[in-house]
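An overview of the molecular structure
If you want the building blocks of each chain, they are given just below.
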Amino acid sequence: MLSTDTSYPRIRLAKLNAHWPAAEPPFDRATGEFSKWSTKLEIFLQQSGLNRYIFASERNPSRLITQPNETMEPNVYANWLSNNDLIIGVICAAVSEAEQEGLETDGSAKECYDALKARAQREGQIKLSFDPILQIEYIFR
């Protein structure tokens, strides 16, 4: 165990500074746009300093808060795990019940978000390929 693990852990236990707004509709692939929902999620997590668990890798991979070594830094790991679970809870609260089905909640928050993003992108491609009006509009752009 590193001495800084107990005296000054590099990952602190986070606390949400707000609740996901009840007026905000939950994300649903059938009715929502993932990119807009994702931006709102990033802003919401940023208010509590939790956005780097998911979003830092897209801009600067070295800033992503990754899972620490449980043996080397047990306190840091415990804080990371609590923060990770908090973020997964926010994601679950911010998606529709239909989206909660099959949501990957056993891994990291980043894995949960990435799987949801991949599902949303696949759904968007399927909608585009079966909508002849969208296909025509795309051709004439």
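Treat the numbers as computed from the prediction; the structure is a model and nothing was measured.

**Quick word on the pattern of salt bridges**
If charged atoms from side chains of opposite charge come close, those side chains can pair. Using the criterion set out here, one finds five salt bridges in the structure. As a salt-bridge pair, glutamate 24 and lysine 40 come within 2.8 Å of each other at their nearest N and O atoms. Of this pair, glutamate 24 sits in the loop between helix 1 (3-7) and helix 2 (34-46) while lysine 40 sits in helix 2, and the two are 16 residues apart along the sequence. Here lysine 40 falls in the partly exposed class, since its relative accessible area comes to 39%. Among the salt bridges present, the one from glutamate 99 reaches arginine 119, with a minimum N-O distance of 2.9 Å. Pair noted here: glutamate 99 is in helix 5 (residues 97-100) and arginine 119 is in helix 6 (residues 109-130), with a separation of 20 residues, a long-range link. Owing to a relative accessible area of 13%, arginine 119 belongs among the buried residues under this scheme. Residues joined by salt bridges that share partners form a network here, namely Arg29, Glu99 and Arg119.

**A few points about the nonpolar core**
Among the nonpolar cores identified, the biggest contains 27 residues, and Trp37, Leu41, Leu45 and Ile91 are the most heavily contacted of them. Examining the composition of this core, we find that six residues originate from one element, helix 4 (residues 74-93), more than from any other. Ignoring sequence-local partners within four residues, the contact set of isoleucine 91 consists of Trp37, Leu41, Ile54, Leu103, Ala109, Cys112, Tyr113 and Leu116.

**Examining the packing of helix 2 against helix 4**
Across the interface, helix 2 lies against helix 4 with an axial gap of 12 Å and an inter-helix angle of 140°. Taken together, the axes of helix 2 and helix 4 lie oblique to each other. Relative to helix 4, the crossing made by helix 2 is right-handed. Packed against helix 2, whose contacting residues are Trp37, Leu41, Phe44 and Leu45, the element helix 4 presents Ile87, Val90 and Ile91 at the interface. Tallied by class, the residues present in the contact of helix 2 with helix 4 amount to seven nonpolar, no polar and no charged.

**Notes on the side chain of serine 108**
Mapped onto the elements, serine 108 comes out in the loop between helix 5 and helix 6. The residues contacting serine 108, other than those within four sequence positions of it, are Trp80, Asn84 and Ile88.

**Some words on the confidence of the model for the protein**
On average, residues of the protein score 84 in pLDDT, and 79% of them are at 70 or above. Here helix 7 (residues 132-139) stands out as the element of the protein with the lowest mean pLDDT, 52, in contrast to helix 4, whose mean of 96 is the highest. Within the model, the stretch residues 126-130 combines pLDDT values under 50 with six contacts to residues more than four positions away or in other chains.

**Brief notes about the packing of aromatic side chains**
Per the stated rule, a full pass over the model turns up nine aromatic pairs. Centre to centre, the rings of tryptophan 20 and phenylalanine 44 are 5.3 Å apart; their planes meet at 75°, and the pair counts as edge-to-face. Linking tryptophan 20 in the loop between helix 1 and helix 2 with phenylalanine 44 in helix 2, this pair joins segments that are 24 residues apart in sequence. With a centroid separation of 5.6 Å and an interplanar angle of 40°, the aromatic rings of phenylalanine 34 and tyrosine 113 are classed as tilted. Taken together, the residues span a long stretch of sequence, with phenylalanine 34 in helix 2 and tyrosine 113 in helix 6 at a distance of 79 residues. The rings of Trp20, Phe27, Phe34, Trp37, Phe44, Phe55 and Tyr113 are connected pair by pair, giving a single aromatic cluster.

Procedures and definitions
Residues numbered from 1 in each chain as written. Predicted model: local features only at pLDDT ≥ 70, side-chain atom pairs only at ≥ 80, totals over all residues. Heavy atoms only, no water. Salt bridge = Lys/Arg side-chain N within 4 Å of Asp/Glu carboxyl O. Helix = DSSP H or I, 4+ residues; strand = E, 2+ residues; numbered from the N terminus. Buried < 20%, exposed > 50% of the residue type's maximum accessible area, 1.4 Å probe, protein only. Core = buried A, V, L, I, M, F, W, Y, C linked by side-chain atoms within 4.5 Å. Contact = heavy atoms within 4.5 Å. Axes fitted to C-alpha atoms, helices over the stretch in contact; angles between N-to-C directions. Parallel < 35°, antiparallel > 145°, perpendicular 65-115°, else oblique. Left-handed = near helix turned anticlockwise from the far one by under 90°. Nonpolar A, V, L, I, M, F, W, Y, C, P; charged D, E, K, R; others polar. pLDDT = per-residue confidence, 0-100. Phe/Tyr/Trp six-rings, centres within 6.5 Å; stacked < 30°, edge-to-face > 60°.

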